[in-house]
Amino acid sequence: MEDRIFDQLETVLQRYDELQEMMSDPSVINDTKRYMDLSKEEGGLREVVTAYKRFKELQSDIADSNEILRESKDPDMTEMAKEEIKDDEAEKDELEDKIKVLMLPKDPNDDKNIIMEIHGAAGGDEASLFAGDLLNMYTRYAERQGWQTEIIDETPTDVGGYKEVVIMITGDNVYSKLKYENGAHRVQRVPATESAGRVHTSTATVGVMPEYEKVDLVLDPKDIRTDVYRSSGAGGQHINKTSSAVRMTHIPSGIVVAMQDQRSQQQNRVKALQILTARVYDYYESQNEEEYAAKRKTAVGSGDRSERIRTYNYPQNRVTDHRIGLSINKLDRIMNGELDDIISALILHDQTAKLEQLGND
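The structure displayed is predicted, hence computed values, not measured ones.

Enquirer: For this particular structure, what's the right way to read the pattern of salt bridges?
Expert: Where charged atoms from two side chains of opposite charge approach closely, those side chains can pair. Taken as a whole and judged by the stated rule, the model has 26 salt bridges. In this structure, the salt-bridge partner of glutamate 18 is arginine 15, at a minimum N-O distance of 3.4 Å. Of the two residues, glutamate 18 and arginine 15 both sit in helix 1 (residues 3–23), three residues apart, roughly one turn of that helix. Relative accessible area serves as the criterion here: at 33%, glutamate 18 is assigned to the partly exposed category. On the basis of relative accessibility, which here comes to 28%, the residue arginine 15 falls in the partly exposed class. A salt bridge links aspartate 111 to lysine 40; the shortest N-O distance between them is 2.9 Å. You can see aspartate 111 sitting in the loop between helix 4 (75–102) and strand 1 (114–120) and its partner lysine 40 sitting in helix 3 (residues 32–71), a full 71 residues away along the chain. Its relative accessible area of 34% is what places aspartate 111 among the partly exposed residues. Ionic contacts of the salt-bridge type, sharing partners, join the residues Glu181, Arg310, Asp321 and Arg323 into one network.

Enquirer: Is there a simple way to think about unusual backbone geometry in this case?
Expert: Negative phi characterises most residues that are not glycine, and trans characterises most peptide bonds. Positioned with a positive phi, asparagine 173 is a non-glycine residue whose angle comes to about 55 degrees. Of note in this structure, asparagine 317 is not a glycine but carries a positive phi near 50 degrees. Examined against the element boundaries, asparagine 317 turns out to sit in the loop between strand 9 (308–313) and strand 10 (318–321).

Enquirer: How should I be thinking about the confidence of the model for the protein in this particular structure?
Expert: Detailed reading of the predicted coordinates is not advisable wherever pLDDT falls low. Taken over all residues, the pLDDT of the protein has a mean of 85, while the share at 70 or more is 86%. Across residues 295–299, confidence stays below pLDDT 50; counting only partners more than four residues off in sequence or on other chains, it has 10 contacts.

Enquirer: What is the right way to look at the environment of phenylalanine 130 in this model?
Expert: Relative to the helices and strands, phenylalanine 130 is located in helix 5 (residues 125–145). Separated by 182 residues in sequence, phenylalanine 130 and tyrosine 312 have C-alpha atoms that sit 10.0 Å apart. With residues up to four places along the chain from it excluded, the contact list for phenylalanine 130 reads His185, Arg186, Val187, Arg189, Thr203, Ala204, Tyr312 and Met335.

Parameters and conventions
- Residues numbered from 1 in each chain as written.
- Predicted model: local features only at pLDDT ≥ 70, side-chain atom pairs only at ≥ 80, totals over all residues.
- Heavy atoms only, no water.
- Salt bridge = Lys/Arg side-chain N within 4 Å of Asp/Glu carboxyl O.
- Helix = DSSP H or I, 4+ residues; strand = E, 2+ residues; numbered from the N terminus.
- Buried < 20%, exposed > 50% of the residue type's maximum accessible area, 1.4 Å probe, protein only.
- pLDDT = per-residue confidence, 0-100.
- Contact = heavy atoms within 4.5 Å.

Okay, structure coming up:
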């Protein structure tokens, strides 16, 4: 391992010890917010600190075993020392690889909740049905992860799919696993309405945006125009008699969010502002996409929603992720939310690209 990484690890170890000392201070314990902030930082360092401490132990053990080899005349002792060196070196090599990954620069959004938008794109009714299938896939995956899901806006179609659906997913490290889902998803299958049995190709787009709190991103109220109006559609007498629907426009970007799914105007305002904040941040990030992608130095993809990232081939029960050339012949299980194989492969590919870049810098 390079000297600069050791220097960084020593700094991390020192910070970790400081955090533990501060967290035992009664004045910090009584300050709930500060204690939670420090606890979160300590938790984020714990894995790399544990690995580094074990790495140092192995270094010491290997040095002791080498000293035995140099000084001992006992054949049994030297043989035992050789075996211990072999085992310790193997574990040390594994730990070194793990530590390098843990020390990669973190995406500051990785621990955030997300707002996911799924749009039926090319393919008419079939595209809207596929959008519904993707919603079901991500919802089931979230359940497997122990996350919570909530549909916060939807435009259903007559055939049972969605022209657009917006879902909030909350839990631990949601963005870190679902950020790779940005892009165009293509489906190849025989639509239910196809009498001749021909395979059609349709697409749906997925947008994944981290949820921002006020402390993360503050929109200037002067830049937001808010209109209220009566809700339309299903919802009973209450929803149609009151001006509970909200339309928010971010004037500099022209982004508009309309929300009428909640029962009260205040609830609609809260949800609309959540979505608007995420969309505005996503908009400004995409303005700098080339610079952003170059900075990330990742081969997983730019995250542009127009970029075709994956094909779901129903006749062959196959899913192919085009960014990393991965094909898996268990589409039925993947559509049931078993996304771990794909997401793990994308994370590994991203980490490998970053490690190679780190080695070239």
